[in-house]
Amino acid sequence: MWLLLPILLYSVIFLAVRHIYSHWRRKGFPSERAGISWSFLHQAYRREFRHVEAICEAYQTGRDRLLGIYCFFRPVLIVRNVELAQTILQQSNGHFNDLKWDYVKGYRRFNLLEKLSPIFATKRLSEMFGHVQRVGDHLTAHLLHLEQAQGRALELDLQQMLRVYAINIIGNLIYGLDVNNFEQKDHILSSYVSTGHASLQSFTLRRLPQKSSFTYRLRDLIKQGVEHREEHGLIRKDILQLLIRFRNGNDISGDKWQIDMDNEQDKLLSIKRVAKVAEELLKVSLDSVSSNITLTLFEILQEPLIVEKLQTEIKELSVENGLLKFEELEGLKYMDMCLKETNRKYPPLPIIERICRKSYTLPNTKFTIDEGKTLMVPLLAIHRDERYFSEPMKYKPLRFLHTEKSAECQSSAFIGFGIGGAQCVGQNFAKMVIKVALIKVLQNFHLELDAALMENIEISHQPAPFIRTKDGLKVRLKRREIKPKFYSYAKSKLGSGRNSFSC
């Protein structure tokens, strides 16, 4: 009798697992052969399983527009057709919205990210630009100090330096702090960078609540900042200021920065919710910004001609009192192409993943995806597909020169900042921050990749791409200077002035 119990238990488990792993076959979807191998279990246990790489491999098997796969015990539908993916995410009427940005206040339910999108409008970013320039100057000053102390060409991990730059941007604009983590080694945000807290994720455990002391300490920073500004009516032109305005029911799409106080019971967002929004922005922007700058430099330093073109473009910038002009960033067309190419080859979000909120019939198909099932769009695999981009593993910025007519790429296949409801609302903010970092580095330094790095380079995704090698992006750095156009013009005018005076 007792022997029957374990047999019955194993039978129930077997039937349950078989039911899960036959989901796509029962629904009639094209699907992979289901099964769990010992090698997979071993890799998952040791946290060595490469989730992104596995999805890319699944994308490459077969040519069906849809493919049902299984991530552990989770049925996942991969969309392998760009046009179908765009249609689903743009016209699904809320079937695949990201739940973490849903917010309910009283009888109102809205997508918080859509409401906050005016924060990243061009007008707002132009007024925050001063903070970004100051952080860029901190990066330059720190590298110059290290180079001077070394007394010769400096060797360092530029990937780590750029993570500090990214966290300084976040501290200054999202948390409203005048922080410089190149000098303040004991700051909470400095700890966040050094531990890699935002980057270390396990795909099998990511749905579990992951609260830590970081969460509560970051919440305290927001609480202090919000209360101080609301009590004293302070104005600091940053993202936190606009979050506080939104919290108080103020319009954030106009020109005002002043906080018009409302009653506490009518606050749209609690301080806890503001802190959660700030931490989400931190997690997204830290990895995406730092990885984009790092990998852009990694690629262009292998092509001296690209570096020369960028430096020539930077030299044309006008500088007044050592300050860049925000409106001129838009004119850096070649740099834009480089950033697009980096986003194509190394998308900061390699996979768009959405949970179906209610049963949805996929456009122009006979298939219906059930509520609770996962839909994935593998951006990394699409961006490296030869059907859409010729020589996809080569870094070729000029493929974006005339995307509509170019044989190098199909513009519809480039989804660098997402599509539809999965589009990044802060893409203009990210471009501004990335461009300032590249300008500061290329304007002030000669850079040379370490030869040993190229032999052992390994780029992984967790989920954003990063250089996994021990020394990160190891470069040899030496001081230089590009005289901007304004300086050359001023010098010539001063020279002519002296000549006319002496005459």
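Residues numbered from 1 in each chain as written. Predicted model: local features only at pLDDT ≥ 70, side-chain atom pairs only at ≥ 80, totals over all residues. Heavy atoms only, no water.

If you check an unreviewed UniProt entry, the protein appears there as Blast:Probable cytochrome P450 310a1 from Drosophila guanche. Looking at the Cofactor (unreviewed entry) heading of the UniProt record, one finds this comment for the protein: "heme". (UniProt positions renumbered as here; feature names shortened; annotations may be inferred.)

**Here's the deal with the overall build of the protein**
A count of helical and extended segments in the protein gives 18 helices and 13 strands. Burial status across the protein gives 51% buried among its 503 residues. Pairs at least 24 apart in sequence give 70% of the contacts found in the protein among residues at least 6 apart. For the protein, the exposed surface amounts to about 25,700 Å²; the carbon and sulfur share of it is 52%. (Helix = DSSP H or I, 4+ residues; strand = E, 2+ residues; numbered from the N terminus. Buried < 20%, exposed > 50% of the residue type's maximum accessible area, 1.4 Å probe, protein only. Contact = heavy atoms within 4.5 Å. Areas by Shrake-Rupley, 256 points an atom, 1.4 Å probe, with all protein chains shown as cover.)

**Brief notes about the sheet that holds strand S2 (residues 74-79)**
The strands making up a sheet associate through hydrogen bonds between their backbones, and the pairing can be parallel or antiparallel. If you trace the four strands from one edge of the open sheet to the other, you get S1-S2-S9-S6, paired in mixed fashion. Edge strands, defined here as strands with exactly one partner in the open sheet, are strand S1 (66-71) and strand S6 (352-355). Taken over all neighbouring pairs, the strand axes of this sheet differ in orientation by 30° on average, direction set aside. Alignment of S2 against strand S9 (residues 374-377), held across three bridges, turns out to be parallel. Among the inter-strand pairings, leucine 77 is bridged to a residue of S9, identified as leucine 375. In the packing of helix H4 (residues 51-59) onto the sheet, contacts are made with S1, S2 and S9, and the angle to S1 comes to roughly 145°. (Pairing = 2+ DSSP bridges. Axes fitted to C-alpha atoms, helices over the stretch in contact; angles between N-to-C directions.)

**Topic: a nonpolar patch on the surface**
The grouping of Leu9, Tyr10 and Ile13 at the surface amounts to a nonpolar patch, some 340 Å² of accessible area in total. Structurally, isoleucine 13 is set in helix H1 (residues 4-20). (Patch = residues over 30% accessible without salt bridge, like charges linked within 9 Å, V, L, I, M, F, W, Y side chains within 5 Å. Salt bridge = Lys/Arg side-chain N within 4 Å of Asp/Glu carboxyl O.)

**Describing the sheet that holds strand S5 (residues 154-157)**
Taken together, the three strands give an open sheet; going across it, the order is S5-S13-S10, and neighbouring strands pair in antiparallel fashion. Here the strands that pair on one side only, and so sit at the sheet edges, are S5 and strand S10 (445-449). Mean inter-strand twist for the sheet, computed between neighbouring axes without regard to direction, equals 35°. Across four bridges, S5 lies against strand S13 (residues 474-479) in antiparallel orientation.

**Quick look at the UniProt feature "binding site: heme" (unreviewed entry) in the protein**
Feature annotation in UniProt places "binding site: heme" (unreviewed entry) on Cys424, given in this structure's numbering. Following the sequence through the fold, cysteine 424 ends up in the loop between helix H15 (379-383) and helix H16 (427-444).

**Side note on the side chain of serine 291**
Tracing the backbone through its elements, the reader meets serine 291 in helix H12 (residues 271-300). In this structure the side chain of serine 291 is engaged in a polar contact, spanning 3.2 Å, whose partner is the backbone oxygen of serine 288. Once residues lying within four places of it in the same chain are set aside, the contact partners of serine 291 are Ala464 and Pro465. (Polar contact = N/O pair within 3.5 Å; in protein donor to acceptor, adjacent residues only side chain to side chain.)

**As for the packing of helix H10 (residues 213-232) against H12**
In helix packing, the relevant descriptors are the interaxial angle and the interaxial distance, both defined with respect to the helix axes. Between H10 and H12, the shortest axis-to-axis distance is 9 Å and the interhelical angle comes to 120°. Here H10 lies oblique to H12, going by the angle between them. In the crossing of H10 with H12, the sense of the turn from one axis to the other is right-handed. Of the residues in H12, those touching H10 at Thr215, Leu218, Arg219, Ile222, Lys223, Val226 and Glu227 are Ile271, Lys272, Val274, Ala275, Ala278, Glu279 and Leu282. Split into classes, the residues belonging to the contact of H10 with H12 amount to eight nonpolar, one polar and five charged. (Parallel < 35°, antiparallel > 145°, perpendicular 65-115°, else oblique. Left-handed = near helix turned anticlockwise from the far one by under 90°. Nonpolar A, V, L, I, M, F, W, Y, C, P; charged D, E, K, R; others polar.)

**Some points on the packing of aromatic side chains**
Counted according to the given criterion, the structure contains eight aromatic pairs. Here tyrosine 21 and phenylalanine 73 contribute two aromatic rings whose centre-to-centre distance is 6.1 Å and whose plane-to-plane angle is 85°, an arrangement assigned as edge-to-face. Here tyrosine 21, found in the loop between H1 and helix H2 (23-27), pairs with phenylalanine 73, found in the loop between S1 and S2; they are 52 residues apart in sequence, far enough to count as distant. Each ring, one from phenylalanine 129 and one from phenylalanine 326, has its centre 5.5 Å from the other, and the planes form 70°; the classification is edge-to-face. Here phenylalanine 129, found in helix H7 (residues 122-150), pairs with phenylalanine 326, found in the loop between helix H13 (304-315) and helix H14 (333-345); they are 197 residues apart in sequence, far enough to count as distant. By relative accessible area, which is 4% here, phenylalanine 129 ends up buried. Members of the aromatic cluster, connected to one another through ring pairs, are Tyr21, Tyr70 and Phe73. The lysine or arginine in question, arginine 124, covers the ring of tryptophan 257, its NZ or CZ lying 4.7 Å from the ring centre. If you follow arginine 344 out to its NZ or CZ, it ends over the ring of phenylalanine 389, 5.4 Å from the centre. (Phe/Tyr/Trp six-rings, centres within 6.5 Å; stacked < 30°, edge-to-face > 60°. Lys NZ or Arg CZ within 6 Å of the ring centre and 35° of its normal.)

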